[in-house]
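Secondary and tertiary structure notes
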Amino acid sequence: MSSQKKIVIGLFGFGVVGEGIYKVLQKTPALQARIKKICIKDPSKKRDAPAELFTTDYNDLLEDEEINVIVELISNAKEAYTIVSTALIKNKSVVSANKKLIAAHLPRLIELQRKHNVSFLYEAAVCGSIPIIRNLEEYYDNDLLQSICGIVNGSTNYILTKIREENLDYQQALLQAQQRGFAEADPALDVEGKDAVNKLTILLAHAHGIITDPNEILHRGITQIQNTDAIIALEKNVQIKLIAQAKKLANNKIAAFVLPQFVTIESQLYNVRNEFNGVVIESSLSDKQFLYGKGAGRYPTSSAVLSDISALRYNYSYEYRKLNNPENRNELSTDFYLKIYVSFKAWSDIDLNDFDFTEEIYCQRGRQYLTGVIHYEKLKNADWLSDNNVSVIVCPDGIIENTDTVKLKSTSLQLPGVEVLV
Ligand code: HSE
(Lines give C-alpha, C1' and ligand atoms only; values in the text may rest on other atoms or scores of the structure.)
Protein backbone atom coordinates (compact mmCIF):
# COMPACT_ATOMS: atom_id res chain seq x y z
CA MET A 1 0.00 0.00 0.00
CA SER A 2 1.35 3.43 -0.87
CA SER A 3 2.00 5.69 2.09
CA GLN A 4 -0.18 8.73 2.47
CA LYS A 5 1.41 12.02 3.13
CA LYS A 6 0.16 14.61 5.60
CA ILE A 7 -1.16 17.70 3.94
CA VAL A 8 -0.42 21.13 5.41
CA ILE A 9 -2.28 23.76 3.45
CA GLY A 10 -1.69 27.42 2.75
CA LEU A 11 -5.00 28.78 1.46
CA PHE A 12 -5.22 31.84 -0.76
CA GLY A 13 -8.66 33.44 -0.73
CA PHE A 14 -11.55 33.19 1.70
CA GLY A 15 -14.44 33.94 -0.63
CA VAL A 16 -17.31 31.67 -1.62
CA VAL A 17 -15.13 28.64 -2.29
CA GLY A 18 -12.25 29.45 0.11
CA GLU A 19 -14.57 29.58 3.09
CA GLY A 20 -16.34 26.50 1.76
CA ILE A 21 -13.17 24.41 1.72
CA TYR A 22 -12.20 25.69 5.19
CA LYS A 23 -15.53 24.43 6.55
CA VAL A 24 -15.42 21.17 4.63
CA LEU A 25 -11.91 20.33 5.88
CA GLN A 26 -13.09 20.78 9.46
CA LYS A 27 -15.64 18.07 8.83
CA THR A 28 -13.23 15.64 7.19
CA PRO A 29 -10.56 14.90 9.81
CA ALA A 30 -9.81 11.53 8.24
CA LEU A 31 -8.18 13.36 5.36
CA GLN A 32 -5.44 14.59 7.70
CA ALA A 33 -5.27 17.87 5.84
CA ARG A 34 -4.98 21.00 7.91
CA ILE A 35 -5.05 24.64 6.92
CA LYS A 36 -2.09 26.39 8.52
CA LYS A 37 -2.54 29.90 7.11
CA ILE A 38 -5.02 31.78 4.96
CA CYS A 39 -3.91 34.75 2.88
CA ILE A 40 -6.58 37.38 2.29
CA LYS A 41 -6.68 40.85 0.78
CA ASP A 42 -8.89 42.80 3.13
CA PRO A 43 -8.07 42.22 6.83
CA SER A 44 -10.96 44.41 7.99
CA LYS A 45 -13.67 41.99 6.77
CA LYS A 46 -15.30 39.93 9.49
CA ARG A 47 -14.64 36.23 8.90
CA ASP A 48 -15.95 33.07 10.41
CA ALA A 49 -12.58 31.54 11.36
CA PRO A 50 -9.91 32.19 14.06
CA ALA A 51 -8.13 35.50 13.45
CA GLU A 52 -4.67 33.95 13.88
CA LEU A 53 -5.16 31.91 10.70
CA PHE A 54 -5.24 35.02 8.53
CA THR A 55 -2.46 37.05 7.00
CA THR A 56 -2.20 39.52 4.15
CA ASP A 57 1.40 38.58 3.36
CA TYR A 58 1.87 35.98 0.57
CA ASN A 59 5.22 35.02 1.96
CA ASP A 60 3.78 33.80 5.24
CA LEU A 61 2.48 30.91 3.14
CA LEU A 62 4.97 30.63 0.32
CA GLU A 63 8.06 30.78 2.58
CA ASP A 64 6.69 28.39 5.17
CA GLU A 65 8.45 25.07 4.66
CA GLU A 66 5.89 23.10 6.62
CA ILE A 67 3.18 24.10 4.13
CA ASN A 68 3.37 21.50 1.36
CA VAL A 69 0.17 22.35 -0.52
CA ILE A 70 -1.07 25.71 -1.72
CA VAL A 71 -4.80 25.94 -2.43
CA GLU A 72 -5.36 28.97 -4.64
CA LEU A 73 -8.93 30.27 -4.70
CA ILE A 74 -8.69 33.95 -5.58
CA SER A 75 -10.33 35.58 -8.57
CA ASN A 76 -7.50 37.80 -9.83
CA ALA A 77 -5.76 35.65 -12.45
CA LYS A 78 -2.59 37.78 -12.56
CA GLU A 79 -1.98 37.54 -8.83
CA ALA A 80 -2.96 33.89 -8.95
CA TYR A 81 -0.24 33.27 -11.56
CA THR A 82 2.40 34.79 -9.31
CA ILE A 83 1.20 32.73 -6.35
CA VAL A 84 0.89 29.45 -8.24
CA SER A 85 4.17 29.69 -10.14
CA THR A 86 6.08 30.73 -7.01
CA ALA A 87 4.54 27.87 -5.06
CA LEU A 88 5.52 25.31 -7.73
CA ILE A 89 9.06 26.71 -7.86
CA LYS A 90 9.22 26.32 -4.08
CA ASN A 91 8.33 22.64 -4.51
CA LYS A 92 4.81 22.94 -3.15
CA SER A 93 1.95 21.19 -4.90
CA VAL A 94 -0.93 23.40 -5.89
CA VAL A 95 -4.70 23.00 -6.14
CA SER A 96 -6.48 25.75 -8.03
CA ALA A 97 -9.95 26.52 -9.35
CA ASN A 98 -8.76 29.43 -11.44
CA LYS A 99 -9.74 28.58 -15.02
CA LYS A 100 -8.62 31.93 -16.37
CA LEU A 101 -5.14 31.49 -14.96
CA ILE A 102 -4.87 27.90 -16.15
CA ALA A 103 -6.17 28.58 -19.67
CA ALA A 104 -3.75 31.48 -20.07
CA HIS A 105 -0.60 29.84 -18.66
CA LEU A 106 -0.97 26.09 -19.00
CA PRO A 107 2.32 25.39 -20.88
CA ARG A 108 4.42 27.21 -18.28
CA LEU A 109 2.53 25.63 -15.39
CA ILE A 110 3.02 22.16 -16.86
CA GLU A 111 6.74 22.88 -17.27
CA LEU A 112 7.05 24.08 -13.67
CA GLN A 113 5.32 21.08 -12.15
CA ARG A 114 7.55 18.73 -14.14
CA LYS A 115 10.72 20.58 -13.32
CA HIS A 116 9.99 20.71 -9.61
CA ASN A 117 8.38 17.29 -9.43
CA VAL A 118 5.19 18.53 -7.79
CA SER A 119 1.51 18.34 -8.74
CA PHE A 120 -0.79 21.01 -10.05
CA LEU A 121 -4.42 19.87 -9.88
CA TYR A 122 -7.49 21.84 -10.94
CA GLU A 123 -10.57 19.62 -11.14
CA ALA A 124 -12.70 22.45 -9.71
CA ALA A 125 -11.77 24.75 -12.59
CA VAL A 126 -14.01 22.97 -15.09
CA CYS A 127 -17.65 22.07 -14.40
CA GLY A 128 -17.46 22.51 -10.62
CA SER A 129 -18.30 19.23 -8.96
CA ILE A 130 -18.18 17.05 -12.10
CA PRO A 131 -14.99 14.98 -12.28
CA ILE A 132 -14.40 15.72 -15.93
CA ILE A 133 -10.65 16.33 -16.01
CA ARG A 134 -9.66 13.14 -14.24
CA ASN A 135 -12.15 11.31 -16.40
CA LEU A 136 -10.49 12.57 -19.56
CA GLU A 137 -7.00 11.97 -18.10
CA GLU A 138 -7.58 8.45 -16.90
CA TYR A 139 -10.39 6.91 -18.91
CA TYR A 140 -10.04 8.65 -22.26
CA ASP A 141 -6.27 8.54 -22.45
CA ASN A 142 -6.68 6.83 -25.83
CA ASP A 143 -7.79 8.01 -29.22
CA LEU A 144 -11.40 6.89 -28.95
CA LEU A 145 -12.76 10.24 -27.87
CA GLN A 146 -14.88 11.79 -30.60
CA SER A 147 -16.68 14.70 -29.08
CA ILE A 148 -17.28 16.73 -25.96
CA CYS A 149 -20.38 18.87 -25.85
CA GLY A 150 -21.18 20.61 -22.62
CA ILE A 151 -22.82 23.25 -20.55
CA VAL A 152 -19.77 24.36 -18.60
CA ASN A 153 -20.88 27.68 -17.11
CA GLY A 154 -23.39 27.57 -14.28
CA SER A 155 -24.24 31.28 -14.20
CA THR A 156 -25.32 31.54 -17.82
CA ASN A 157 -27.27 28.32 -17.52
CA TYR A 158 -28.96 29.70 -14.41
CA ILE A 159 -29.84 32.92 -16.24
CA LEU A 160 -31.20 31.10 -19.30
CA THR A 161 -33.27 28.80 -17.08
CA LYS A 162 -34.77 31.69 -15.09
CA ILE A 163 -35.62 33.62 -18.25
CA ARG A 164 -37.35 30.60 -19.74
CA GLU A 165 -39.08 29.15 -16.70
CA GLU A 166 -39.84 32.17 -14.55
CA ASN A 167 -39.96 34.91 -17.12
CA LEU A 168 -37.27 36.85 -15.24
CA ASP A 169 -35.54 39.47 -17.28
CA TYR A 170 -31.84 39.11 -17.97
CA GLN A 171 -30.69 41.62 -15.32
CA GLN A 172 -32.80 40.07 -12.54
CA ALA A 173 -31.55 36.60 -13.41
CA LEU A 174 -27.92 37.78 -13.49
CA LEU A 175 -28.34 39.45 -10.10
CA GLN A 176 -29.64 36.19 -8.64
CA ALA A 177 -26.69 34.28 -10.10
CA GLN A 178 -24.36 36.80 -8.45
CA GLN A 179 -26.19 36.67 -5.12
CA ARG A 180 -25.96 32.90 -5.07
CA GLY A 181 -22.21 33.02 -5.59
CA PHE A 182 -22.22 31.38 -9.02
CA ALA A 183 -20.99 34.33 -11.05
CA GLU A 184 -17.39 35.48 -11.42
CA ALA A 185 -16.29 38.64 -9.58
CA ASP A 186 -16.55 40.21 -13.05
CA PRO A 187 -19.74 38.62 -14.41
CA ALA A 188 -18.85 39.72 -17.94
CA LEU A 189 -16.57 36.68 -17.94
CA ASP A 190 -19.64 34.47 -17.57
CA VAL A 191 -22.14 36.18 -19.85
CA GLU A 192 -19.66 36.89 -22.67
CA GLY A 193 -18.59 33.25 -22.89
CA LYS A 194 -15.03 33.88 -21.68
CA ASP A 195 -15.31 31.62 -18.65
CA ALA A 196 -16.69 28.86 -20.87
CA VAL A 197 -13.92 29.21 -23.44
CA ASN A 198 -11.29 29.13 -20.68
CA LYS A 199 -12.82 25.86 -19.51
CA LEU A 200 -12.94 24.51 -23.07
CA THR A 201 -9.25 25.39 -23.48
CA ILE A 202 -8.43 23.29 -20.41
CA LEU A 203 -10.60 20.41 -21.65
CA LEU A 204 -8.84 20.48 -25.04
CA ALA A 205 -5.47 19.94 -23.35
CA HIS A 206 -6.68 16.85 -21.51
CA ALA A 207 -9.03 15.50 -24.16
CA HIS A 208 -6.91 16.03 -27.25
CA GLY A 209 -3.46 17.24 -26.21
CA ILE A 210 -4.20 20.65 -27.71
CA ILE A 211 -2.65 23.72 -26.13
CA THR A 212 -4.20 26.89 -27.43
CA ASP A 213 -4.84 30.49 -26.53
CA PRO A 214 -8.52 30.76 -25.56
CA ASN A 215 -8.78 33.88 -27.71
CA GLU A 216 -8.05 31.75 -30.76
CA ILE A 217 -11.30 29.85 -30.24
CA LEU A 218 -14.55 31.36 -31.50
CA HIS A 219 -16.63 32.21 -28.47
CA ARG A 220 -19.72 34.23 -27.70
CA GLY A 221 -21.90 34.37 -24.63
CA ILE A 222 -25.55 35.03 -24.00
CA THR A 223 -25.67 38.84 -23.98
CA GLN A 224 -27.01 39.09 -27.52
CA ILE A 225 -29.85 36.62 -27.08
CA GLN A 226 -33.15 38.46 -27.46
CA ASN A 227 -36.52 37.81 -25.84
CA THR A 228 -37.81 37.01 -29.29
CA ASP A 229 -35.22 34.23 -29.65
CA ALA A 230 -36.35 32.84 -26.31
CA ILE A 231 -39.99 32.93 -27.46
CA ILE A 232 -39.13 31.05 -30.65
CA ALA A 233 -37.20 28.45 -28.66
CA LEU A 234 -40.14 27.97 -26.31
CA GLU A 235 -42.64 27.68 -29.16
CA LYS A 236 -40.48 25.12 -30.89
CA ASN A 237 -39.67 23.17 -27.75
CA VAL A 238 -35.95 23.63 -28.01
CA GLN A 239 -33.74 25.10 -25.30
CA ILE A 240 -31.16 27.80 -25.84
CA LYS A 241 -28.00 26.72 -24.01
CA LEU A 242 -24.48 28.11 -24.00
CA ILE A 243 -22.48 25.16 -25.29
CA ALA A 244 -18.77 24.46 -25.31
CA GLN A 245 -18.05 21.94 -28.01
CA ALA A 246 -15.05 20.04 -29.33
CA LYS A 247 -15.70 17.53 -32.09
CA LYS A 248 -13.26 15.35 -33.99
CA LEU A 249 -13.72 15.74 -37.75
CA ALA A 250 -13.08 13.10 -40.41
CA ASN A 251 -9.52 14.43 -40.86
CA ASN A 252 -8.88 13.88 -37.11
CA LYS A 253 -8.71 17.62 -36.47
CA ILE A 254 -10.90 19.17 -33.80
CA ALA A 255 -13.69 21.69 -34.38
CA ALA A 256 -14.02 23.73 -31.19
CA PHE A 257 -16.09 26.76 -30.16
CA VAL A 258 -18.37 28.23 -27.49
CA LEU A 259 -21.68 29.53 -28.79
CA PRO A 260 -25.35 29.51 -27.83
CA GLN A 261 -27.05 26.50 -29.39
CA PHE A 262 -30.57 25.23 -29.84
CA VAL A 263 -30.75 21.99 -27.91
CA THR A 264 -33.52 19.55 -28.77
CA ILE A 265 -35.39 17.39 -26.30
CA GLU A 266 -33.46 14.33 -27.50
CA SER A 267 -30.25 15.76 -26.04
CA GLN A 268 -29.26 15.02 -22.45
CA LEU A 269 -28.38 18.70 -22.18
CA TYR A 270 -32.00 19.76 -22.69
CA ASN A 271 -32.88 19.20 -19.03
CA VAL A 272 -29.71 20.63 -17.51
CA ARG A 273 -31.17 23.53 -15.54
CA ASN A 274 -30.05 26.35 -13.26
CA GLU A 275 -26.44 26.21 -12.08
CA PHE A 276 -26.06 22.59 -13.12
CA ASN A 277 -23.52 21.66 -15.76
CA GLY A 278 -23.66 18.69 -18.08
CA VAL A 279 -21.20 17.16 -20.51
CA VAL A 280 -21.96 14.63 -23.21
CA ILE A 281 -18.84 12.71 -24.16
CA GLU A 282 -18.89 10.62 -27.31
CA SER A 283 -16.38 7.93 -27.99
CA SER A 284 -16.12 5.58 -30.91
CA LEU A 285 -16.74 2.48 -28.77
CA SER A 286 -18.97 3.52 -25.92
CA ASP A 287 -21.18 5.93 -27.88
CA LYS A 288 -22.58 8.66 -25.63
CA GLN A 289 -21.88 9.17 -21.94
CA PHE A 290 -23.37 11.94 -19.88
CA LEU A 291 -21.84 13.61 -16.83
CA TYR A 292 -24.10 15.86 -14.82
CA GLY A 293 -23.71 17.87 -11.64
CA LYS A 294 -23.54 21.27 -10.03
CA GLY A 295 -21.11 23.47 -11.88
CA ALA A 296 -20.86 26.42 -9.53
CA GLY A 297 -21.44 27.41 -5.92
CA ARG A 298 -19.61 26.99 -2.62
CA TYR A 299 -19.97 23.32 -1.81
CA PRO A 300 -20.02 21.77 -5.29
CA THR A 301 -16.78 23.58 -6.10
CA SER A 302 -15.33 22.72 -2.68
CA SER A 303 -16.10 19.09 -3.39
CA ALA A 304 -13.76 19.09 -6.40
CA VAL A 305 -11.07 21.02 -4.48
CA LEU A 306 -11.35 18.48 -1.67
CA SER A 307 -10.97 15.62 -4.12
CA ASP A 308 -7.75 17.18 -5.46
CA ILE A 309 -6.38 17.70 -1.94
CA SER A 310 -7.20 14.11 -1.19
CA ALA A 311 -5.45 12.92 -4.37
CA LEU A 312 -2.29 14.73 -3.29
CA ARG A 313 -2.00 12.37 -0.32
CA TYR A 314 -0.80 9.75 -2.78
CA ASN A 315 1.04 12.24 -5.01
CA TYR A 316 -1.42 12.12 -7.88
CA SER A 317 -0.55 14.36 -10.81
CA TYR A 318 -1.89 14.80 -14.33
CA GLU A 319 0.18 13.04 -16.94
CA TYR A 320 -1.04 14.98 -20.01
CA ARG A 321 -0.63 11.75 -21.94
CA LYS A 322 -2.05 13.10 -25.20
CA LEU A 323 0.05 16.20 -25.07
CA ASN A 324 3.14 14.10 -24.49
CA ASN A 325 2.44 11.62 -27.26
CA PRO A 326 2.54 13.14 -30.76
CA GLU A 327 0.57 10.19 -32.14
CA ASN A 328 -2.34 10.93 -29.86
CA ARG A 329 -2.22 14.68 -30.14
CA ASN A 330 -4.84 16.40 -32.29
CA GLU A 331 -4.87 19.82 -33.90
CA LEU A 332 -7.60 22.39 -34.00
CA SER A 333 -9.44 22.78 -37.27
CA THR A 334 -10.49 26.12 -38.67
CA ASP A 335 -11.94 24.55 -41.80
CA PHE A 336 -15.52 23.54 -41.16
CA TYR A 337 -18.97 25.08 -41.42
CA LEU A 338 -21.71 25.86 -38.96
CA LYS A 339 -25.46 25.86 -39.44
CA ILE A 340 -26.64 28.89 -37.57
CA TYR A 341 -29.79 30.80 -36.80
CA VAL A 342 -29.34 34.55 -36.83
CA SER A 343 -31.80 37.16 -35.63
CA PHE A 344 -31.22 40.85 -36.22
CA LYS A 345 -32.94 44.20 -36.44
CA ALA A 346 -32.18 45.35 -39.96
CA TRP A 347 -30.66 43.72 -43.03
CA SER A 348 -27.78 46.19 -42.79
CA ASP A 349 -26.81 44.54 -39.47
CA ILE A 350 -25.36 41.46 -41.19
CA ASP A 351 -23.62 40.57 -44.46
CA LEU A 352 -25.48 37.90 -46.38
CA ASN A 353 -22.43 37.36 -48.60
CA ASP A 354 -20.70 35.72 -45.66
CA PHE A 355 -23.07 32.75 -45.92
CA ASP A 356 -22.59 29.76 -48.19
CA PHE A 357 -26.31 29.01 -48.04
CA THR A 358 -29.26 30.68 -46.51
CA GLU A 359 -32.15 28.37 -45.94
CA GLU A 360 -34.98 30.16 -44.21
CA ILE A 361 -35.49 33.88 -44.10
CA TYR A 362 -38.42 35.43 -42.34
CA CYS A 363 -39.55 38.31 -40.26
CA GLN A 364 -41.73 38.34 -37.19
CA ARG A 365 -42.23 40.56 -34.14
CA GLY A 366 -40.17 43.38 -35.60
CA ARG A 367 -37.05 41.27 -36.16
CA GLN A 368 -35.48 39.54 -39.14
CA TYR A 369 -34.39 35.92 -38.95
CA LEU A 370 -32.46 33.55 -41.10
CA THR A 371 -30.95 30.12 -40.90
CA GLY A 372 -27.93 29.39 -43.01
CA VAL A 373 -24.56 27.74 -43.37
CA ILE A 374 -21.38 29.74 -42.83
CA HIS A 375 -17.70 28.85 -42.76
CA TYR A 376 -16.20 28.89 -39.25
CA GLU A 377 -13.56 31.49 -40.19
CA LYS A 378 -16.13 33.74 -41.86
CA LEU A 379 -18.26 33.69 -38.73
CA LYS A 380 -15.29 34.19 -36.42
CA ASN A 381 -14.11 37.21 -38.36
CA ALA A 382 -17.51 38.74 -39.12
CA ASP A 383 -17.85 42.27 -37.71
CA TRP A 384 -21.54 41.69 -37.24
CA LEU A 385 -20.92 38.85 -34.81
CA SER A 386 -20.14 41.35 -32.06
CA ASP A 387 -23.06 43.65 -32.91
CA ASN A 388 -25.52 43.78 -30.02
CA ASN A 389 -28.41 43.74 -32.47
CA VAL A 390 -27.36 40.40 -33.86
CA SER A 391 -28.02 37.12 -32.10
CA VAL A 392 -26.34 33.94 -33.37
CA ILE A 393 -27.47 30.50 -32.22
CA VAL A 394 -26.07 27.24 -33.59
CA CYS A 395 -28.71 24.85 -34.97
CA PRO A 396 -28.97 21.26 -33.73
CA ASP A 397 -26.20 19.09 -35.26
CA GLY A 398 -24.79 22.35 -36.52
CA ILE A 399 -21.23 21.25 -37.36
CA ILE A 400 -20.82 20.58 -41.09
CA GLU A 401 -17.56 19.28 -42.44
CA ASN A 402 -18.25 19.65 -46.10
CA THR A 403 -20.90 21.76 -47.76
CA ASP A 404 -21.36 19.17 -50.57
CA THR A 405 -23.16 17.03 -48.05
CA VAL A 406 -25.41 19.96 -47.29
CA LYS A 407 -26.41 20.30 -50.92
CA LEU A 408 -26.99 16.59 -51.27
CA LYS A 409 -29.12 16.37 -48.19
CA SER A 410 -31.28 19.39 -49.03
CA THR A 411 -31.00 20.94 -45.73
CA SER A 412 -33.89 23.03 -44.70
CA LEU A 413 -33.46 23.15 -40.96
CA GLN A 414 -37.12 23.78 -40.57
CA LEU A 415 -36.34 25.84 -37.62
CA PRO A 416 -39.27 25.07 -35.64
CA GLY A 417 -42.34 26.98 -36.51
CA VAL A 418 -40.92 29.69 -38.47
CA GLU A 419 -42.87 31.22 -41.23
CA VAL A 420 -40.70 31.17 -44.32
CA LEU A 421 -41.25 34.34 -46.26
CA VAL A 422 -38.56 34.07 -48.90
N1 HSE B 1 -18.76 31.55 -12.72
C2 HSE B 1 -18.57 30.15 -12.90
C3 HSE B 1 -19.84 29.55 -13.42
C4 HSE B 1 -18.19 29.53 -11.58
O5 HSE B 1 -20.88 30.22 -13.35
O6 HSE B 1 -19.82 28.43 -13.93
C7 HSE B 1 -17.76 28.11 -11.70
O8 HSE B 1 -16.66 27.94 -12.54
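About the thresholds
Residues numbered from 1 in each chain as written. Predicted model: local features only at pLDDT ≥ 70, side-chain atom pairs only at ≥ 80, totals over all residues. Heavy atoms only, no water. Helix = DSSP H or I, 4+ residues; strand = E, 2+ residues; numbered from the N terminus. Buried < 20%, exposed > 50% of the residue type's maximum accessible area, 1.4 Å probe, protein only. Near = heavy atom within 4 Å. Polar contact = N/O pair within 3.5 Å; in protein donor to acceptor, adjacent residues only side chain to side chain. pLDDT = per-residue confidence, 0-100. Contact = heavy atoms within 4.5 Å. Axes fitted to C-alpha atoms, helices over the stretch in contact; angles between N-to-C directions. Parallel < 35°, antiparallel > 145°, perpendicular 65-115°, else oblique. Left-handed = near helix turned anticlockwise from the far one by under 90°. Expected span 1.5 Å × (residues − 1). Pairing = 2+ DSSP bridges. 1 Å grid on protein atoms, 1.4 Å probe; cavity = no way out; pocket = protein on both sides within 12 Å on 5 of 7 lines; lining within 4 Å. Points joined across faces, edges and corners; volume = space filled by probe spheres on them. Salt bridge = Lys/Arg side-chain N within 4 Å of Asp/Glu carboxyl O.

This part takes up unusual backbone geometry. With phi around 50°, Gln32 is a residue other than glycine that occupies positive phi space. Checked against the element boundaries, Gln32 lands in the loop between α1 (16-26) and β2 (33-39). On the basis of relative accessible area, Gln32 is assigned to the partly exposed category, the value being 47%.

Bringing the site of the ligand into the picture now. In the vicinity of the ligand, the residues found are Lys99, Asn153, Gly154, Ser155, Phe182, Ala183, Glu184, Asp190, Asp195, Lys199, Gly295 and Ala296. Within the side chain of Lys99, a nitrogen or oxygen atom sits 2.6 Å from an oxygen atom of the ligand. One of the backbone nitrogen or oxygen atoms of Phe182 is found 2.7 Å away from a nitrogen atom of the ligand. Among the secondary structure elements, those contributing two or more residues to the shell around the ligand are α6 (154-166) and α9 (194-208).

Next up on the list: the confidence of the model for the chain. Scored by pLDDT, the chain comes out at a mean of 93, with 95% of its residues at no less than 70. In the predicted structure, residues 408-413 sits below a pLDDT of 50 and forms 10 contacts with residues beyond four places in sequence or in another chain. Low pLDDT (under 50) marks residues 416-422, which in the prediction has 14 contacts with non-local residues, meaning those over four places away or in another chain.

Where helix α4 (residues 99-115) contacts α9, the axes come no closer than 9 Å and their chain directions differ by 50°. Compared by their axis directions, α4 and α9 come out oblique. Between α4 and α9 the crossing geometry is left-handed. Contact residues: α4 offers Lys99, Lys100, Ile102, Ala103 and Leu106, while α9 offers Asp195, Asn198, Lys199, Thr201, Ile202 and Ala205.

With that out of the way, let us pick up helix α3 (residues 77-89). Over its 13 residues, α3 extends 18 Å from the first C-alpha to the last, a length consistent with the 18 Å expected when each residue adds 1.5 Å. Taken together, the buried positions of α3 are occupied by Ala77, Ala80, Ile83, Val84, Ser85, Ala87 and Leu88. Looking at the buried residues of α3, the elements they touch are β1 (7-12), α2 (59-62), β4 (69-72), β5 (93-96), α4 and β6 (120-121). Phi turns positive, to about 65°, at Asn91, one or two residues after α3.

With that out of the way, let us pick up the sheet that holds strand β3 (residues 54-55). Judged by pairing direction, the sheet is parallel, and its 6 strands sit side by side in the order β3-β2-β1-β4-β5-β6 without closing on themselves. In the strand order of this sheet, the two ends are held by β3 and β6, each with one partner. Direction of pairing for β1 relative to β4: parallel, over a ladder of 4 bridges. From the neighbouring strand, Leu11 faces β4, where its bridge partner is Val71. Most of the contacts of α3 go to β4, to which it runs at about 165°, and overall it touches β1, β4, β5 and β6. In this fold helix α11 (residues 298-312) packs onto β1, β2, β4, β5 and β6, with an angle of close to 165° to the strand it touches most, β5.

With that out of the way, let us pick up the pairing of strand β13 (residues 355-364). With 8 bridges joining them, β13 and strand β14 (residues 367-375) adopt antiparallel strand pairing. Bridging across to β14, Glu360 finds its partner in Thr371. Linkage of β13 to β14, two consecutive antiparallel strands, is achieved through a turn of 2 residues, within which Arg365 is found at a positive phi near 45°.

As a further point, take empty space enclosed by the protein. In this approach, a probe sized like a water molecule rolls over the atoms, and the result shows the empty space that is left. Per the stated rule, a full pass over the model turns up 2 cavities of 30 Å³ or more. For the largest cavity, the calculated volume is near 60 Å³. Residue lining of the largest cavity: Arg220, Gly221, Gln224, Ile225, Leu259, Pro260, Leu385, Val390, Ser391 and Val392, and that is the complete set. Put simply, the parts of the chain that give the lining of the largest cavity at least two residues each are β9 (254-263) and β15 (391-400). Within this model, the second largest cavity holds a volume of roughly 50 Å³.

Attention now goes to the side chain of Asp349. Looking at the element boundaries, Asp349 is found in the loop between β12 (337-344) and β13. Polar side-chain contacts of Asp349 include one of 3.0 Å to the backbone nitrogen of Lys345. Residue contacts for Asp349: discarding those within four places in its chain leaves Phe344, Trp384, Asp387, Asn389 and Val390.

This part covers the pattern of salt bridges. The final tally for this structure, using the stated rule, is 20 salt bridges. Of the charged contacts in the structure, one is a salt bridge between Glu138 and Arg321, with a shortest N-O distance of 3.8 Å. Of this pair, Glu138 sits in helix α5 (residues 132-138) while Arg321 is found in helix α12 (residues 321-324), placing the two residues 183 residues apart along the sequence. Residue class for Glu138 comes out partly exposed when judged on its relative accessible area of 36%. One salt bridge connects Glu165 with Arg273, and the closest N-O pair in it is separated by 2.7 Å.

This brings us to the environment of Lys345. In this structure, Lys345 sits in the loop between β12 and β13. For Lys345, a relative accessible area of 52% corresponds to the exposed category. Separated by 44 residues in the primary sequence, Lys345 and Asn389 place their C-alpha atoms 6.0 Å from one another. With near-sequence residues (within four places) excluded, Lys345 lies in contact with Arg367, Gln368 and Asn389.

Right, let's get into the side chain of Thr301. Along the chain, Thr301 turns up in helix α11. Residue classification places Thr301 among the buried positions, given a relative accessible area of 8%. Leaving out residues up to four positions away in the same chain, Thr301 has contacts with Val17, Ala124 and Ala296.

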